[in-house]
Amino acid sequence: EDQVTQSPEALRLQEGESSSLNCSYTVSGLRGLFWYRQDPGKGPEFLFTLYSAGEEKEKERLKATLTKKESFLHITAPKPEDSATYLCAVNNFNKFYFGSGTKLNVKP
Amino acid sequence: EAQVTQNPRYLITVTGKKLTVTCSQNMNHEYMSWYRQDPGLGLRQIYYSMNVEVTDKGDVPEGYKVSRKEKRNFPLILESPSPNQTSLYFCASAIREYETQYFGPGTRLLVL
């Protein structure tokens, strides 16, 4: 069964305290892995797309990596404005499967 | 501005009263999709469309219908809504089925 699991469910960090979010997946044919940011009451906002194991992408304080079984979203020196829910999704042929998200709270 | 729009944004209705939530994109995307988001369950795909007149079921299609008569529009139809369809609904589109999806602002539905 195709499945995406994100951990932790919630994460509280002090401003500047780096950490990583995990997304593990089991799909029969991965065609892409996607990271999104979602603010309360809004639609998910695209962050990264990764297509093959070993691939890495960076944007400001965020870096996404991909292996054959999981992906990490590394947050370096986070700021309060990075507080949001981070969603991971995988594409298996024509369908998308999302994890439940990690709710990140960065305290000043 | 490239965007996905949904209407209405908020809707309160009663059990059994048919409703339609519209979705439109101006990016000439081939792939469009509907999701529902519930606390603790994440986003779950309801239906998707690979192109005009091509639609297929996602993970939770029961109680929903869709149509894709034009490339830009992908309405979600609830023929006989029930309280368990109370949820936050998102429409999304992508250039192709394996590419990045772009989401609309969401429609919050309450079925009494």
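Residues numbered from 1 in each chain as written. Chains lettered and ligands numbered in written order. Predicted model: local features only at pLDDT ≥ 70, side-chain atom pairs only at ≥ 80, totals over all residues. Heavy atoms only, no water.

**Q** Now, about a nonpolar patch on the surface: what can you tell me, with residues and values included?
**A** All names here are of chain B. A contiguous nonpolar patch, built from I12, V14, L110 and L112 and spanning about 380 Å² of accessible area, is present on the exposed surface. Of note, L112 is situated in the segment after strand 11 (107-111). Overall, the relative accessible area of 55% leaves L112 in the exposed class. (Patch = residues over 30% accessible without salt bridge, like charges linked within 9 Å, V, L, I, M, F, W, Y side chains within 5 Å. Areas by Shrake-Rupley, 256 points an atom, 1.4 Å probe, with all protein chains shown as cover. Salt bridge = Lys/Arg side-chain N within 4 Å of Asp/Glu carboxyl O. Helix = DSSP H or I, 4+ residues; strand = E, 2+ residues; numbered from the N terminus. Buried < 20%, exposed > 50% of the residue type's maximum accessible area, 1.4 Å probe, protein only.)

**Q** Could you give me a rundown of the sheet that holds strand 8 (residues 76-78) of chain B, with the residues and numbers involved?
**A** Residue and element names in this part refer to chain B. Ordered by their spatial adjacency, 4 strands build an open sheet running 1-3-8-7, and the pairing between neighbours is antiparallel. Looking at strand neighbours, the two that pair on one side only are strand 1 (4-7) and strand 7 (65-66), the edges of this open sheet. Two strands pair when backbone bridges link them, and strand 7 and strand 8 are joined in this way by 2 bridges, in the antiparallel orientation. Of the residues in strand 8, the one forming a bridge with K65 is I77. (Pairing = 2+ DSSP bridges.)

**Q** So what's going on with the environment of S87(B)? Which residues, and what values?
**A** Residue and element names in this part refer to chain B. You can see S87 is positioned in strand 9 (residues 87-94). Note: C-alpha distance between S87 and L19 (68 residues apart in sequence) is 14 Å. Not counting the four nearest positions on each side in its chain, S87 is found in contact with R36, Q37, D38, T107, R108 and L109. (Contact = heavy atoms within 4.5 Å.)

**Q** A description of the pairing of strand 6 (residues 56-59) of chain A should follow, citing residues and the corresponding values.
**A** All names here are of chain A. As paired strands, strand 6 and strand 7 (residues 62-66) are joined by 4 bridges and run antiparallel to one another. Bridge pairing links K57 to A64 in strand 7. Remark: 2 residues form the turn of the hairpin made by strand 6 and strand 7, two consecutive strands paired antiparallel; E60 in that turn has positive phi of roughly 55 degrees.

**Q** Go over the nonpolar core, please, and point to the residues and values.
**A** Among soluble globular proteins, nonpolar side chains are generally buried collectively. In terms of nonpolar packing, the biggest core is built from 24 residues, with L33(A), W35(A), L73(A) and Y86(A) touching the most fellow members. Elements with a minimum of two residues in this core: strand 2 (10-14), strand 3 (19-26), strand 4 (30-38), strand 5 (45-50), strand 7, strand 8 (70-75), strand 9 (84-92) and strand 11 (102-107) of chain A. Per element, the largest residue contribution to this core is 4 residues, and it comes from strand 9 of chain A. V66(B), F74(B), Y89(B) and V111(B) belong to the second largest nonpolar core, which has 18 residues in total. (Core = buried A, V, L, I, M, F, W, Y, C linked by side-chain atoms within 4.5 Å.)

**Q** I'd like a rundown of the sheet that holds strand 3 of chain A, residues and numbers included.
**A** Residue and element names in this part refer to chain A. Taken together, 5 strands build an open sheet; the order of strands is 1-3-8-7-6 and the sheet is antiparallel. Two strands in the sheet have a free side with no partner beyond their single neighbour: strand 1 (3-7) and strand 6. Averaged over neighbouring strand pairs, the angle between their axes works out to 15 degrees when direction is ignored. (Axes fitted to C-alpha atoms, helices over the stretch in contact; angles between N-to-C directions.)

**Q** Give a description of the pairing of strand 4 (residues 31-38) of chain B that names residues and reports values.
**A** All names here are of chain B. Among the 8 residues in strand 4, 8 count as buried, and that is most of the element. As paired strands, strand 4 and strand 9 are joined by 7 bridges and run antiparallel to one another. What sits directly across from R36, in strand 9, is Y89. Bridge count for strand 4 against strand 5 (residues 42-51) is 7 bridges, and the pairing is antiparallel. Bridging across to strand 5, Q37 finds its partner in L43.

**Q** Got a sec to walk through the interface of chain B and chain A? Specific residues and values, please.
**A** In many analyses, interface size is given as the accessible surface area lost on bringing the parts together. Facing 24 residues of chain B, the contacting portion of chain A comprises 21 residues. The junction of chain B with chain A conceals about 1700 Å² of combined surface from both sides, 51% of it contributed by carbon and sulfur atoms. Our enumeration of links across chain B and chain A arrives at 1 salt bridge. Looking at the side of chain B that touches chain A, the elements that each hand over two or more residues are strand 4, strand 5 and strand 10 (102-103) of chain B. Top contributing element to the side of chain B that touches chain A by residue count: strand 5 of chain B, with 5 residues. Looking at the side of chain B that touches chain A residue by residue, the class counts come to 11 nonpolar, 8 polar and 5 charged. (Buried area = accessible area lost by both parts, 1.4 Å probe. Nonpolar A, V, L, I, M, F, W, Y, C, P; charged D, E, K, R; others polar.)

**Q** So what's going on with the environment of E60(A)? Which residues, and what values?
**A** Residue and element names in this part refer to chain A. Its place among the elements puts E60 in the loop between strand 6 and strand 7. Overall, the relative accessible area of 72% leaves E60 in the exposed class. For the pair E60 and I75, spaced 15 residues apart in sequence, the C-alpha to C-alpha distance is 9.2 Å.

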